[in-house]
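Survey of secondary and tertiary structure
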Amino acid sequence: MSPHTLMTIGQQFERRSWAEPWKIKMVEPLNIISREDREKALINAGFNTFLLRSEDVYIDLLTDSGTGAMSDRQWAGMMLGDEAYAGSRNFYHLEAAVQDFYGYSYVVPTHQGRGAEHLISQAAIKPGQFVPGNMYFTTTRLHQELAGGIFVDVIIDEAHDPQILHPFKGNIDLEKLESLIKREGAEKIAYVSVAGTVNMAGGQPVSMANIKALREMTDKNGIKLYLDATRMVENAFFIQERESGYADKPIAEILKEFCSFTDGAWMSAKKDNLVNIGGWLAVNDRELFEELRNLVVVYEGLHTYGGLAGRDMEAMAIGIAESVHDEHIFSRIGQVRYLGELLTTWGIPIVHPVGGHAIFLDAKAFYPHLKQIEFPAQTLAAELYLDSGIRSMERGIASAGRNAETGDHNYPKLELTRLTIPRRVYTQAHMDVVAESVRAAFENRGKTRGLKMVYEPKYLRFFQARFERI
Ligand code: PLI
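Quick summary incoming for the structure in this document. (Residues numbered from 1 in each chain as written. Predicted model: local features only at pLDDT ≥ 70, side-chain atom pairs only at ≥ 80, totals over all residues. Heavy atoms only, no water.)

Turning next to the pattern of salt bridges. Overall, the coordinates contain 27 salt bridges when judged by the stated rule. Its salt-bridge partner being glutamate 290, residue arginine 286 comes within 2.7 Å of it at the nearest N-O pair. With arginine 286 and glutamate 290 both in helix 11 (residues 286-299) and four residues apart, this pair spans about one turn of that helix. Classification of glutamate 290 by relative accessible area gives partly exposed; the value is 33%. (Salt bridge = Lys/Arg side-chain N within 4 Å of Asp/Glu carboxyl O. Helix = DSSP H or I, 4+ residues; strand = E, 2+ residues; numbered from the N terminus. Buried < 20%, exposed > 50% of the residue type's maximum accessible area, 1.4 Å probe, protein only.)

This part takes up empty space enclosed by the protein. One pass over the structure, following the stated rule, counts two cavities of 30 Å³ or more. Lining the largest cavity, in full, are Glu20, Trp22, His328, Ser331, Arg332, Gln335, Arg423 and Arg424. Along the lines of polarity and charge, the residues of the lining of the largest cavity split into one nonpolar, three polar and four charged. Taken as a whole, the second largest cavity encloses approximately 30 Å³ of empty space. If you go around the second largest cavity, the residues you meet are Asn48, Thr49, Phe50, Gln378, Ala381, Met393, Glu394 and Phe462. (1 Å grid on protein atoms, 1.4 Å probe; cavity = no way out; pocket = protein on both sides within 12 Å on 5 of 7 lines; lining within 4 Å. Points joined across faces, edges and corners; volume = space filled by probe spheres on them. Nonpolar A, V, L, I, M, F, W, Y, C, P; charged D, E, K, R; others polar.)

Position of serine 323 among the secondary structure elements: in helix 12 (residues 310-323). In this structure serine 323 comes out as buried when scored by relative accessible area, which is 1%. Each C-alpha atom of the pair serine 323 and histidine 93 lies 16 Å from the other, and the pair is 230 residues apart in sequence. Those residues in contact with serine 323 that sit more than four places away from it in its chain are Val233, Asp272, Asn273, Leu274 and His328. (Contact = heavy atoms within 4.5 Å.)

This is the structure:
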């Protein structure tokens, strides 16, 4: 990795320090309950942070999904909701924003990302086809499997190692993809599923060179290439920072260039697009669009609202435009990096390089005495909550679920606890508090016992599974 990639945001702006490009207009008080009450709340929640009540949480780093703060302009846009069943003017604003900033021709709104994943999976996968992707994401893979697809991980090997410093750890390994195409035949590949950034790898980006090469390979074989654009603006930041030729290009330009190499995208607008609810699906193929537009009325709502209120679509259209401001994305990733740098200074094992949306604690390195089946990452999430009321999320064996064919646990190489930073919500002082809590859990690590799973639902088990202390 070049030294350039390690520059702080402040250095990029050639000033000593940097600050958020906004000021706070409204505040929401935080609640902190006693350690004794946290112990009770954790037991009631079956040691699963998804089952905690938010009023029992102090700093909520469960997810960056739908937890961001909207701007005054977005809130003003909410008042302009056109709540017509059909043809809402806010839909046309959203459509224009996706076309302008992402460059796709046809847009279908959905209630959130998984609604869009459902539609594209149903429309583009025939049972028994393979869906190669750059590491799995929980809901994405499940919808691909429910449509009869077989997910194949073709991310570069470096992505599975928390310590390797590779500037684009989200890249697809072209040799792995080529050998899958050769082995199975191009007609057995539904499409290539590429996510920028890669959530489960630590928010790691894909390079422009990689997407260009992917486009060439898929074109040569007549295969479609679809993008999970959920955090693609953050991906564009890393291209600007790390890839030669992009340092002087605005984020908006990089985003559009990247998307131009793909045939379409699905979006959880709850992340990059700065809204509390919403999603969309966009493609360039008219025929596929007709099919998606027909499917959306079955599962989400009419094709001009897709399960959303008009006001939600207005906020999304405005959020899209705000999300590509260079200052916004610098400070967003800068805050994540600030937390990462603190933890690294204190010798706490995290995934490197620090990615776009979260710090991923390496729970295997944290608790070397725990076997993976003792749920080290789930344990660490529980310990952090106990220590300070901070809520994080398991991204390890519980999230990885079971093998669709054998029913065995999947044992991912990465066993991580995610501290996910909501956009425009917390200050650097909150990050200090979080870092100190992680340090306390780290100092206590030798005494920590693991967990056993005592309840396991069939789908996406990490959301609702229950655990007990061993
Ligand atoms: O939560 P949804 O249904 O709006 O979006 C699903 C989804 C799709 N792709 C990616 C990369 C995601 O990260 C994602 C949702 N992520 C969540 C909820 C998270 O906490 O990371």
